[in-house]
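Structural description and commentary
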Amino acid sequence: MNFASPAFDLRAYLLGPAGAPDGTVGPGRPGRWTVERDLLDRAAGTRGTFSGVVLFTPTPDAGLDLREEGTMRWPTFTGPATRDYMLRPSGRPDALDVFFPDGRPFHRMSFAPEANLDNHWCDPDTYRVAYTFEGPHRFSYSWDVAGPHKDLLLTSHLTRNGDS
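In this text the structure is predicted, and so the values were computed from the model without any measurement.

Turning our attention to the overall build of the protein chain. On a plain count of helices and strands, the protein chain comes out with 1 helix and 10 strands. Starting at the N terminus and walking to the C terminus, you meet the elements of the protein chain as α-β-β-β-β-β-β-β-β-β-β. Per-residue burial for the protein chain yields a buried fraction of 41% across its 164 residues. Contacts in the protein chain between residues far apart in sequence, at least 24 positions, make up 40% of those at least 6 positions apart. As presented, the protein chain carries roughly 8,400 Å² of accessible surface, and 58% of it is formed by carbon and sulfur atoms.

Here's what the structure looks like:
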């Protein structure tokens, strides 16, 4: 379920309510989400999972830092995994531009029908992403990775933690 809404503020959605049951409030409070990811290597026929937490932390430039921490389970590895991205204003409130930690552009994040699909060329493979809004406390996205080196489908489901 995606929608066209110029009033939708993606940054505010990812941060969620400013208050918590413990009384903590403030604009610096990160949005907390749980993430469950299914990993499929179509070429090898192997499957794995990632389970963890995603924190969206406000930055002074009206963006967000994204930090993902959790446990990856793959046939050849089980253990901790992390990743970081920077989300920056895109010029429209319903979208954020995603960058790698070193500042290289990655893709655009949005639920708007005209902007919820994007891609990233990582020579020689192409990464295609699709974002889906599933309600006030849940969204998902899928990466379809194809090329001579990779043939993957990575599907992530995020649910807002009760305290964010």
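This next bit is on the pattern of salt bridges. Counting across every chain of the model gives 13 salt bridges. For Arg108, the salt bridge goes to Asp97, with nearest N and O atoms at 2.7 Å. On the criterion of sequence distance, the pair formed by Arg108 in strand 6 (residues 105-110) and Asp97 in strand 5 (residues 95-99) is long-range, its members being 11 residues apart. For Asp102, the salt bridge identified is with Arg104, shortest N-O distance 2.8 Å. Judged by relative accessible area, which is 54%, Asp102 ranks as exposed.

It is worth spelling out the sheet that holds strand 9 (residues 138-146) at this point. Pairing is antiparallel across the open sheet formed by 10 strands, whose spatial order is 6-5-4-3-2-1-10-9-8-7. Unpaired on one side and paired on the other, strand 6 and strand 7 (117-122) mark the two borders of the sheet. Strand-to-strand twist in this sheet, taken as the mean axis angle between neighbours without regard to direction, amounts to 25°. In this sheet, strand 4 (residues 77-89) lies alongside strand 3 (residues 64-74) in antiparallel orientation, the contact comprising 11 bridges. From the neighbouring strand, Glu69 faces strand 4, where its bridge partner is Thr82.

Core analysis: the largest hydrophobic core is formed by 33 residues, its most contacted members being Tyr13, Leu14, Leu87 and Phe139. Contacts of Leu87, omitting those with residues within four sequence positions, involve Leu14, Phe56, Gly63, Leu64, Leu66, Leu96, Asp97, Val98 and Met109.

For His120, the position within the fold is in strand 7. At a separation of 3.2 Å, a polar atom in the side chain of His120 contacts the main-chain carbonyl oxygen of Phe106. Those residues within four positions of His120 in sequence are excluded, and the remaining contacts are Phe100, Pro105, Phe106, Asp125, Thr126 and Tyr127.

In this antiparallel pair of consecutive strands, strand 3 and strand 4, the connection spans 2 residues. Relative to strand 5, strand 4 runs antiparallel, the two sharing 4 bridges. Each bridged residue has a counterpart across the sheet, and for Arg88 the counterpart in strand 5 is Asp97. Linkage of strand 4 to strand 5, two consecutive antiparallel strands, is achieved through a turn of 5 residues, within which Gly91 is found at a positive phi near 100°.

Rules and cut-offs
- Residues numbered from 1 in each chain as written.
- Predicted model: local features only at pLDDT ≥ 70, side-chain atom pairs only at ≥ 80, totals over all residues.
- Heavy atoms only, no water.
- Helix = DSSP H or I, 4+ residues; strand = E, 2+ residues; numbered from the N terminus.
- Buried < 20%, exposed > 50% of the residue type's maximum accessible area, 1.4 Å probe, protein only.
- Contact = heavy atoms within 4.5 Å.
- Areas by Shrake-Rupley, 256 points an atom, 1.4 Å probe, with all protein chains shown as cover.
- Salt bridge = Lys/Arg side-chain N within 4 Å of Asp/Glu carboxyl O.
- Pairing = 2+ DSSP bridges.
- Axes fitted to C-alpha atoms, helices over the stretch in contact; angles between N-to-C directions.
- Core = buried A, V, L, I, M, F, W, Y, C linked by side-chain atoms within 4.5 Å.
- Polar contact = N/O pair within 3.5 Å; in protein donor to acceptor, adjacent residues only side chain to side chain.

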